[in-house]
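The lines below spell out each chain.
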Amino acid sequence: MMILSSPIRTFFVAILIVACLPLVSALDNNTAEILMLDFAPSFSSTAGNNIYIHNTLEGSVSVLDGSANKIKKTLVVESQPRFSIVVWKNIYILNSGTNTVSVIDVDTLTIKKTLTTWSGPSYATLVGTRLYVSNSWGDSISVIETSNNLVIKKIENLWSAPTCSVLVGSRLYVCNSQSGSISVVDTSRNTMVTSFATGSRPISLSLVGKELYILNNGDNNITVINTDKNTRILGPALEENISVGINPQAIVKIGTKLYIINKGSDSVSVVDTVLKKVLKTISVGKSPVSGLVQWKNLHILNNQDDSISVIDTTKDEVIQTILTWKEPISGVVTKNTLYINNSGEKTVSYFYTAPPLLWLFTSRAASGEYRQGDKLDIVASFNQKLAPGSTMTLILNNGVTHTLSTVEGNFLSGIYTIGADQTVEDLSVKEIKSASIIGLYSIPGSTYTLPAGKNLWDLRNIVIKSGLSTSAPTCQNRGYYRICPVTRPAGNIREYQDGLLCEGIISEAQTERNNKRITRADVLSIAVNMLRVPTTETNTYSGEFEDITDAMKPMVQTALDRGLLVNTRLFEPNKPVTRIEAYTLLMKSVCLVPTPTAGQNWTQAVHNTAYKAGITNKPLSRFKPSSTVTKKEVFIIAAQLADWADTTGGCQPQSCSK
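These figures come from a predicted structure and were not determined experimentally. In this convention, every chain numbers its residues from 1, walking through the sequence in written order. Two thresholds apply to this predicted model, a pLDDT of at least 70 for residue-level local features and 80 or more for giving and counting side-chain atom pairs, whereas whole-chain, interface and lining totals are computed over all residues. With hydrogens and water stripped out, all remaining heavy atoms of the structure feed into the side-chain values.

(A) Structural context of the overall build of the protein chain. Counting its secondary structure elements, the protein chain contains eight helices and 43 strands. The rule is simple: take the accessible area with a 1.4 Å probe, protein chains only, and divide by the maximum for that residue type; under 20% is buried, over 50% is exposed, in between is partly exposed. Counting only residues that meet the buried cut, the protein chain has 58% of its 658 residues in that class. Note on contacts: a residue pair qualifies if any of its non-hydrogen atoms lie within 4.5 Å across the two residues. For the protein chain, the proportion of contacts with a sequence separation of at least 24, taken over those separated by at least 6, is 53%. Total accessible area on the protein chain stands at roughly 25700 Å², and carbon and sulfur atoms take up 49% of it. Helical segments are the DSSP runs of H or I of at least four residues, strand segments are the runs of E of at least two, and each set is numbered from the N terminus. All accessible-area figures derive from a Shrake-Rupley calculation using a 1.4 Å probe, and residue coverage is judged against the displayed protein chains alone.

(B) Spotlight on the nonpolar core. Residues belong to one nonpolar core when they are buried, are Ala, Val, Leu, Ile, Met, Phe, Trp, Tyr or Cys, and are joined through side-chain atoms within 4.5 Å. If you look at the biggest cluster of nonpolar residues, it comprises 47 residues, and the most contacted ones within it are Leu 524, Ile 526, Met 530, Val 556, Leu 586 and Leu 641. The set of elements that each furnish at least two residues to this core consists of helix H2 (493-502), helix H4 (520-530), helix H5 (553-561), helix H6 (579-589), helix H7 (602-612) and helix H8 (631-648). Sort the elements by how many residues they give to this core and H8 lands first, with eight residues.

(C) Expanded view of the confidence of the model for the protein chain. pLDDT gives the predictor's per-residue confidence on a scale running from 0 to 100. In this model, the protein chain carries a mean pLDDT of 84, and residues with pLDDT of at least 70 account for 87%. Averaged over each element, pLDDT in the protein chain is lowest for strand E1 (residues 2-4) (27) and highest for strand E25 (residues 257-262) (98). Per-residue pLDDT stays below 50 along residues 1-30; that stretch engages in 211 contacts with residues further than four places along the chain or on separate chains. Segment residues 472-491: pLDDT under 50, and 60 contacts once partners within four positions in sequence are set aside and those in other chains are kept.

(D) Structural detail: H7. Listing the buried residues of H7 in full gives Trp 602, Thr 603, Ala 605, Val 606, His 607, Thr 609 and Ala 610. Considering only its buried residues, H7 is in contact with H6. Looking at where H7 begins, the residue whose side-chain oxygen comes 3.2 Å from the main-chain nitrogen of Thr 603 is Asn 601. With its phi angle positive at about 80°, Gly 614 sits one or two positions after the end of H7. Here a polar contact means two N or O atoms within 3.5 Å. Within protein one must be a hydrogen donor candidate and the other an acceptor candidate, and residues neighboring in sequence count only if both atoms are side-chain atoms.

(E) Main features of the pattern of salt bridges. Whenever a carboxyl oxygen of Asp or Glu lies within 4 Å of a side-chain nitrogen of Lys or Arg, that contact is scored as a salt bridge. Counted according to the given criterion, the structure contains 14 salt bridges. Its salt-bridge partner being Glu 240, residue Arg 232 comes within 2.7 Å of it at the nearest N-O pair. Of the residues examined, Glu 240 reaches a relative accessible area of 46% and is grouped as partly exposed. The shortest N-O distance in the salt bridge between Arg 579 and Glu 633 comes to 2.7 Å. Of this pair, Arg 579 sits in helix H6 while Glu 633 sits in helix H8, and the two are 54 residues apart along the sequence.

(F) Seen up close, the packing of H6 against H8. Only the stretch in contact is used when fitting a helix axis, every axis being a line fitted to C-alpha atoms; angles between N-to-C directions are given from 0 to 180 degrees. Interhelical geometry of H6 versus H8 gives an angle of 30° and a closest axis separation of 10 Å. When the axis of H6 is compared with that of H8, the two are roughly parallel. Helix-helix and strand crossings are classified by hand; for H6 and H8 the assignment is right-handed. Residue-level contacts link Arg 579, Ala 582, Tyr 583, Leu 586 and Met 587 of H6 to Glu 633, Val 634, Ile 637, Ala 638 and Leu 641 of H8. Should an angle lie under 35 degrees it is considered roughly parallel, over 145 roughly antiparallel, and from 65 to 115 roughly perpendicular; all remaining angles are considered oblique. For any helix crossing, the convention is left-handed if the near helix is rotated counterclockwise from the far helix by under a right angle, and right-handed if that rotation is clockwise.

(G) Seen up close, the sheet that holds strand E24 (residues 248-254). Strand order in the open sheet formed by four strands is E24-E25-E26-E27, and the pairing between neighbours is antiparallel. The sheet is open, and its two borders are formed by E24 and strand E27 (277-283), each paired with just one other strand. Mean inter-strand twist for the sheet, computed between neighbouring axes without regard to direction, equals 25°. Note that strand E26 (residues 267-272) and E27 share six bridges and pair antiparallel. A strand pair is defined by DSSP finding two or more bridges across the two strands.

(H) Broad picture of the packing of aromatic side chains. Working definition: a ring pair exists when centres of Phe, Tyr or Trp rings (six-membered ring for Trp) sit within 6.5 Å. Plane angles under 30 degrees give stacked, over 60 give edge-to-face, the rest tilted. Enumeration according to the criterion identifies seven aromatic pairs in this entry. When the centroid spacing of 5.9 Å and the interplanar angle of 80° are considered together, the rings of Phe 382 and Tyr 448 count as edge-to-face. Taken together, the positions of Phe 382 in strand E37 (residues 375-382) and Tyr 448 in the loop between strand E42 (429-436) and helix H1 (456-459) put the pair 66 residues apart, joining distant regions of the chain. For the pair formed by Phe 382 and Tyr 448, the shared burial category is buried. On the basis of an interplanar angle of 65° and a centroid distance of 5.7 Å, the ring pair of Phe 545 and Phe 571 is categorised as edge-to-face. Placement of Phe 545 in the loop between H4 and H5 and of Phe 571 in the loop between H5 and H6 is noted, with a sequence separation of 26 residues between them. Among the aromatic residues, those joined into a ring-pair cluster are Phe 43, Phe 83 and Tyr 123.

(I) Broad picture of the environment of Lys 112. Relative to the assigned elements, Lys 112 resides in strand E10 (residues 110-116). With 10 residues separating them in the primary sequence, Lys 112 and Ser 102 have C-alpha atoms 7.9 Å apart. Here Lys 112 is in contact with Asn 90, Val 103, Asp 105 and Asn 149, once residues within four sequence places are set aside.

(J) A look at the environment of Leu 524. Mapped onto the elements of the fold, Leu 524 is located in helix H4. What makes Leu 524 buried here is its relative accessible area of 0%. Separated by 32 residues in the primary sequence, Leu 524 and Val 556 have C-alpha atoms spaced 8.1 Å apart. Aside from chain neighbours lying at most four places away, what touches Leu 524 is Met 555, Val 556, Ala 559, Leu 565, Phe 571 and Leu 585.

(K) Local environment of the sheet that holds strand E17 (residues 181-186). The strand order E15-E16-E17-E18 describes an open sheet built from four strands, whose pairing is antiparallel. Taken across any chain shown, the strands that pair with only one partner, and hence form the sheet edges, are strand E15 (162-168) and strand E18 (191-197). Each strand of the sheet is rotated relative to its neighbour by a mean of 25°, with strand direction disregarded. With five bridges connecting them, E15 and strand E16 (residues 171-176) associate as antiparallel partners. Bridging across to E16, Ser 165 finds its partner in Val 174.

In structure tokens form, the structure reads like this:
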């Protein structure tokens, strides 16, 4: 299992431009982070810091640790888990395929009991300590007493295919999707009171006061019921029903408004429950199926164009579109994060919605002496992607005021040109004077303190001396390969390897069995060597990876300092990498940063940037971004990127003589 930072998002997470959360990949500026699973997810629920992800086709539930964004355990339940509900310290998993309910203890993450219900349990509503489980392949409800986990009653003779339900006082209103009706159950006696017809295929209910709004999927409308009398409420125009869009899927209630998600017309109908009419129809992405609310925003999951439309419910306008992975279908909201299940593949997309958290200050400049006229970039690293317009003004410990305003994924940077009389023995950030840090999906942050142990002087020893700079680097002496007397005929892997060996970017040991898949550790080693900076000393390691050796710590710390990785628990150094991961990480090491254009996803942006730079000659249709790659291919990519850096200046374009 892997956690990745985005678009194809595979290799190293939060890196926005390459990071590792076990494996991270670069992120474009409108794509969510990504978590790789073993199965295709369908539904999920939350309990504490954990997210319980249903793998319906495989009969299992994956437990995601939301604090680390890492799968901690997968539990085998029974066939077709389709719905779950949390009751105190238990989570109840409804297994439609085997007519059972699995009871999971959220403390021990074990299945403590399996209960037998009736045909096709698919939805449940909690009433006191009792769960009312709709058996959607029949006409009954199973009543589970959660205090002792026993099935105590079968309420029969509902109309066909009961699914969704909602509690009104002591009465449970159940929608019977196949029979176009609503059944009313008295929960104090566990008996059915009455049933009445509504529209065709009722699939969602919402209660506003004592008024019940019933979404009729087959009729593309809403029926409103007075629950005191179980009679229809007509609108001001004496309309029997409120017409919405085509093939409506769900109701989301926010205040006095209902948002109806219309899959067939790619829209959301905004219904005023006071006026009993549609106020507005909002166009969203293709085939919207569900919605998640956080603060004032409604996130609409567009199943067929792999995106989320974010609606500001104060204006009822789409303010942002976020790319997910294939066929988002459902999700959950935690305090600071949204998790989206992508049913078309084995992934969960997630993105932060709390203000960006400052992790560290560093510089891409190597430790050493600098003078007047030299340029140093100062970089602030955050836990999430930033939006354009983010700024932070710093006061350095030599008294200089410096502003960071260049956004690169999770990073905010600014070039500091050293002026006269700005000497200092160890450059660092003394104070954060002001900040306006705008998360790509979150509310802004303005109050920040200096990160303890991760300030510039903790990670670099940059000395500023008096006098003018004497350095005048050019493309020709930048020196990835130019000093090596090696030619590389197209397709001759030995010549590519010789060039990498000559420059110390790879070792002889790495060239052995070069037709085998390459590991994360080897790709990261190549990327760090291509940075052309001294590696950090082992005793300064501040990373949190639990599965790396002491020998790896200098390389990993250098990658952390330079923004190639971000901290997480596991690095999984021996796992193979995919083509998009390798391209992203190696391109980042020479500052060839993809910038997605309108309508592009991250894979397209990486391929387009690499294609234009001559790093690949394969069209996108043959690029195969998710395939793993061999050492040979990575050597060729690295060699071509090194040549590109020689020609353009790479990370120091201002020093390149063209």
